[in-house]
Amino acid sequence: FLLFIPHSVLCSVPVPPSGLNMCMSGSATSCEECLLIHPSCAWCAQEDFGRGRSLTSRCDFSQNLLKRGCDEHFIEYPTSSINVLQNIPLSSKGSGSTQYDVVQIMPQKISLSLRPGDQTWFSLQVRQVEDYPVDLYYLMDLSLSMKDDLDTIRNLGTKLAHEMGKLTSNFRLGFGSFVDKNMSPFSYMAPKYQENPCNGFGFRHILSLTDKVDRFNEEVQKQMVSRNRDAPEGGFDAILQAAVCKEKIGWRKEALHLLVFATDDVPHLALDGRLGGLVHPHDGQCHLNDNNEYSASTKMAVRDLQGTLNVCLYKLKITHSNRTTVEILDQDSKNVIQLIIAAYNNIRSKVELSVWDHPEDLSLSFTATCQDGNPLPGLRKCADLKIGDTVSFNVSVEARSCPPRGTDRRFTIKPVGFKDRLEVAVDYECDCGCSRNAQNNSVICSSIGTYNCGTCQCEPGYLGARCECQEGETSNMFLSACRESEGKQICSGRGECSCNQCLCYESEFGKIYGSFCECDDFSCARHKGILCSGHGECHCGECKCHAGYIGDNCNCSTETSGCISDDGQMCSGRGSCVCGRCQCTEPGAFGETCEKCPTCPDACGTKRECIECRLFNSGRLADNETCQRQCKDHIIPVETLKTDEPGAVLCLYKTDDDCVMKFTYSEHASGQSILSALKEPECVRGPDALMVLVAVVGSILLVGLLLLAAWKLVITIHDRREFARFQSARSRARYEMVRMSLTHEYYSPIMYTSNKLRLIV
């Protein structure tokens with residue numbers, strides 16, 4: 001096996017929600033509480049505003065506050081904003097004099113000022129530049145079973161440098177090897193084996209990254225295979241050291257890092273080290289000694305990099321690293337160069353964003369715009385790219401809450417495998433400007449409260465707009481102010497009226513609030529028993545959904561990544577994405593992304609491309625990575641096609657060489673698509689044009705000769721008949737002449753001489 005491991009801005013404006021005015025129906029009794037209710041809520045800090053009204057009347061939509069007489073100068077209405085701090089244009093080339101200043105992401109630094117609940121957008125662009133520097137470290141298993149592979153790569157450096165030179169002008173190559181931990185039970189520990197110079201070792205760094213490829217060949221020529229005791233190898237120890245020993249390996253910050261891991265057996269699993277008494281997990285540090293050998297091989301064990309190197313299982317284990325590919329080596333590694341080039345192209349054909357140090361109180365969602373120009377909500381990845389292509393991503397950011405004051409919030413957006421990154425600093429708009437002018441023991445508040453943003457915050461035991469009442473005082477005048485309307489219960493039956501204000505009861509279910517205790521944070525729709533599905537907050541009977549969720553109970557996700565089929569279409573073009581799942585609208589379509597549809601008109605056309613690329617390595621999906629990603633059906637090559645199987649659809653198409661390819665498409669009960677296809681297309685050879693021409697000309701000539709012969713025969717018969725008639729006529733004519741001649745000579749004597757007559761008689 002061969003494992004490759006690569007080591008403009010928009011801003012939204014809050015829109016007031018329709019229907020319920022949650023600003024006034026909330027529990028806000030201060031400017032800060034008002035701002036947290038909804039990003040469209042504003043607070044009026046004007047002193048004489050709302051006299052005779054409840055405190056929450058100061059919290060309303062900004063346009064409503066203006067209409068009700070609040071001076072614009074006193075309206076607290078912070079909004080989210082974005083400031084671009086560094087925006088260097090994207091580079092077009094990676095090597096040369098500018099290789100240390102290559103820019104592959106734009107912008108590079110921004111700052112966000114976020115108001116909680118306010119969804120804000122910014123965009124970024126990513127480009128994989130041409131001629132980007134490459135550092136390739138070849139890490140090889142030197143156990144005895146890899147002897148023929150070692151012989152094959154002894155001149156790998158020259159050939160690989162030649163091929164990589166077609167992709168980059170700045171290529172460096174390094175080499176390292178591994179076997180297994182030199183301890184029992186992983187290796188033989190008897191003295192006779194320990195004296196053997198070919199005994200096993202954990203990891204050995206042999207050649208630092210260099211552009212002198214002849215050095216690679218020289219070092220590989222010196223290597224000898226070693227031995228270990230059990231079948232699994234210590235590959236993960238080697239991978240970890242090759243990754244963290246940056247200075248000794250020679251990894252450049254400005255280069256693409258490729259770690260080629262070649263082995264023919266599985267690595268040790270997690271906890272295998274305990275068989276040898278190793279209980280200390282690896283510390284993630286470099287432990288190469290003066291001989292460049294891994295000195296902690298018999299002291300620590302790697303516990304997080306675990307898996308089996310079976311192709312299928314190994315791919316499952318490394319799916320978290322989208323810059324990693326697994327390929328199968330030939331028995332003697334003859335195809336190693338082709339695999340390295342293919343893996344390099346595969347890695348460079350993708351751009352995927354990762355988020356580092358993601359604050360928990362921030363919601364992020366991505367929309368990718370790849371080469372076709374169509375936005376793909378919910379995706380942060382573009383594939384099938386060419387070097388030099390530019391893709392863009394829109395990033396939605398929403399702060400769900402306010403962190404403690406003074407908290408520094410930062411996160412980084414980084415394309416996987418890139419050194420470039422976008423650094424994002426976050427500031428929260430949680431404080432009101434008027435709070436800076438708060439007055440303690442203000443006369444306005446009867447000297448027993450703090451005047452802040454137009455309201456009094458009374459000392460404990462005092463109530464009222466000006467702290468003029470003490471708790472427990474009641475009168476009919478005060479009671480009337482505690483009813484929402486005539487006939488309604490005092491404080492909605494969920495509180496007590498004190499000094500013209502409702503004091504709401506406490507509840508074991510949550511908080512009761514509002515001017516008349518009419519609201520709470522627990523009487524909202526639930527999904528599977530969870531309030532607002534766990535994806536929103538309950539405000540006065542309505543769920544306020546977090547970013548990425550909608551619906552009455554916030555159970556509907558707006559994420560669409562789960563609806564994108566393998567061919568990049570939304571629900572395979574046969575349905576729509578509803579709440580993060582495909583709802584198939586095409587009759588007969590089913591599957592997670594509506595990808596299965598034997599009866600659909602385009603079913604044969606869709607599966608044809610997979611038949612072409614999987615069986616004949618041709619067609620639009622001929623690229624190996626694209627074919628493997630989009631064509632996961634089970635294809636069975638057969639000599640004779642059975643078309644009478646129930647549920648199977650017969651598909652035919654004409655190939656480029658005018659042959660007919662046949663296959664059947666059906667769905668197994670397990671949910672897997674089954675394609676039974678002929679091993680070879682049916683080709684009926686057409687007539688040879690030259691033979692046809694010769695046959696036609698020959699036929700014409702033959703018919704002509706036959707006609708000529710018939711005409712000749714007819715003419716000959718006719719002539720012979722005429723000649724016979726002529727001869728007959730001629731004979732008669734001569735006879736008549738003779739007869740007449742004889743008559744003239746003898747007839748007369750007969751009449752006169754009886755003797756002659758008798759003589760004639």
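- Looking at an unreviewed UniProt entry, one finds the protein named Integrin beta and attributed to Astatotilapia calliptera.
- Note on the protein: under the UniProt heading Subcellular location (unreviewed entry), the record states "Cell membrane".

1. Some remarks on the overall build of the protein
For step 1, the next point in the chain: Helix and strand counts for the protein come out as 16 helices and 40 strands.
For step 2, the next point in the chain: A total of 761 residues make up the protein; the buried ones form 43% of that total.
For step 3, the next point in the chain: Just so you have it, the protein exposes about 40600 Å², and 52% of that area is on carbon and sulfur atoms.

2. Considerations on the sheet that holds strand 18 (residues 390-399)
For step 1, the next point in the chain: Strand order in this open sheet of five strands is 6-8-18-15-16, and the pairing throughout is antiparallel. Unpaired on one side and paired on the other, strand 6 (105-106) and strand 16 (375-377) mark the two borders of the sheet.
For step 2, the next point in the chain: Bridge count for strand 15 (residues 362-369) against strand 18 is eight bridges, and the pairing is antiparallel. Residue pairing across strands places F366 opposite V395, the latter belonging to strand 18.

3. Side note on the environment of G562
For step 1, the next point in the chain: Looking at the secondary structure, you find G562 in the loop between strand 34 (556-557) and strand 35 (575-578).
For step 2, the next point in the chain: Distance in space between the C-alpha atoms of G562 and C582 is 8.1 Å, their sequence separation being 20 residues.
For step 3, the next point in the chain: Among all residues touching G562, those that are not within four sequence positions of it are G580, E592 and T593.

4. A word on helix 7 (residues 213-222)
For step 1, the next point in the chain: Looking only at helix 7, the buried set comprises V213, F216, N217, E219 and V220.
For step 2, the next point in the chain: Buried residues belonging to helix 7 abut strand 9 (134-141), helix 4 (147-152), helix 5 (156-164), strand 10 (171-178) and strand 11 (203-210).

5. Some thoughts on the sheet that holds strand 40 (residues 673-678)
For step 1, the next point in the chain: Across the sheet, four strands lie side by side as 37-40-39-38; this open sheet has mixed pairing. The two strands at the open ends of the sheet, each matched to only one other strand, are strand 37 (634-638) and strand 38 (649-654). For this sheet, the mean angle separating the axes of adjacent strands, direction not counted, is 25°.
For step 2, the next point in the chain: In terms of strand pairing, strand 39 (residues 660-667) meets strand 40 through five bridges, oriented antiparallel. Bridged to T664 within strand 40 is S676.

6. Description of the packing of aromatic side chains
For step 1, the next point in the chain: Tallying each qualifying case throughout the model produces seven aromatic pairs.
For step 2, the next point in the chain: For the ring pair Y138 and F216, a centre distance of 6.5 Å and an interplane angle of 80° mean the geometry is edge-to-face. On the criterion of sequence distance, the pair formed by Y138 in strand 9 and F216 in helix 7 is long-range, its members being 78 residues apart.
For step 3, the next point in the chain: Classification of Y138 as buried rests on a relative accessible area of 0%.
For step 4, the next point in the chain: Look at F216 and you get buried, because its relative accessible area is 0%.
For step 5, the next point in the chain: Plain terms: the ring middles of F509 and F522 are 5.8 Å apart, the flat faces sit at 45° to each other, and that makes the pair tilted. Taken as a pair, F509 in the loop between strand 26 (501-504) and strand 27 (512-513) and F522 in the loop between strand 28 (519-520) and strand 29 (526-527) lie far apart in primary sequence, 13 residues in all.

7. Here we look at helix 11 (residues 336-348)
Three- or four-residue spacings in an α-helix give side chains the same orientation, since the helix completes a turn every 3.6 residues.
For step 1, the next point in the chain: Counted at 1.5 Å a residue, the expected span for helix 11 with its 13 residues is 18 Å, and the 18 Å between its end C-alpha atoms agrees.
For step 2, the next point in the chain: In terms of burial, helix 11 is largely enclosed, as ten of its 13 residues are buried.

Scoring rules and cut-offs
Residues numbered from 1 in each chain as written. Predicted model: local features only at pLDDT ≥ 70, side-chain atom pairs only at ≥ 80, totals over all residues. Heavy atoms only, no water. UniProt positions renumbered as here; feature names shortened; annotations may be inferred. Helix = DSSP H or I, 4+ residues; strand = E, 2+ residues; numbered from the N terminus. Buried < 20%, exposed > 50% of the residue type's maximum accessible area, 1.4 Å probe, protein only. Areas by Shrake-Rupley, 256 points an atom, 1.4 Å probe, with all protein chains shown as cover. Pairing = 2+ DSSP bridges. Contact = heavy atoms within 4.5 Å. Axes fitted to C-alpha atoms, helices over the stretch in contact; angles between N-to-C directions. Phe/Tyr/Trp six-rings, centres within 6.5 Å; stacked < 30°, edge-to-face > 60°. Expected span 1.5 Å × (residues − 1).

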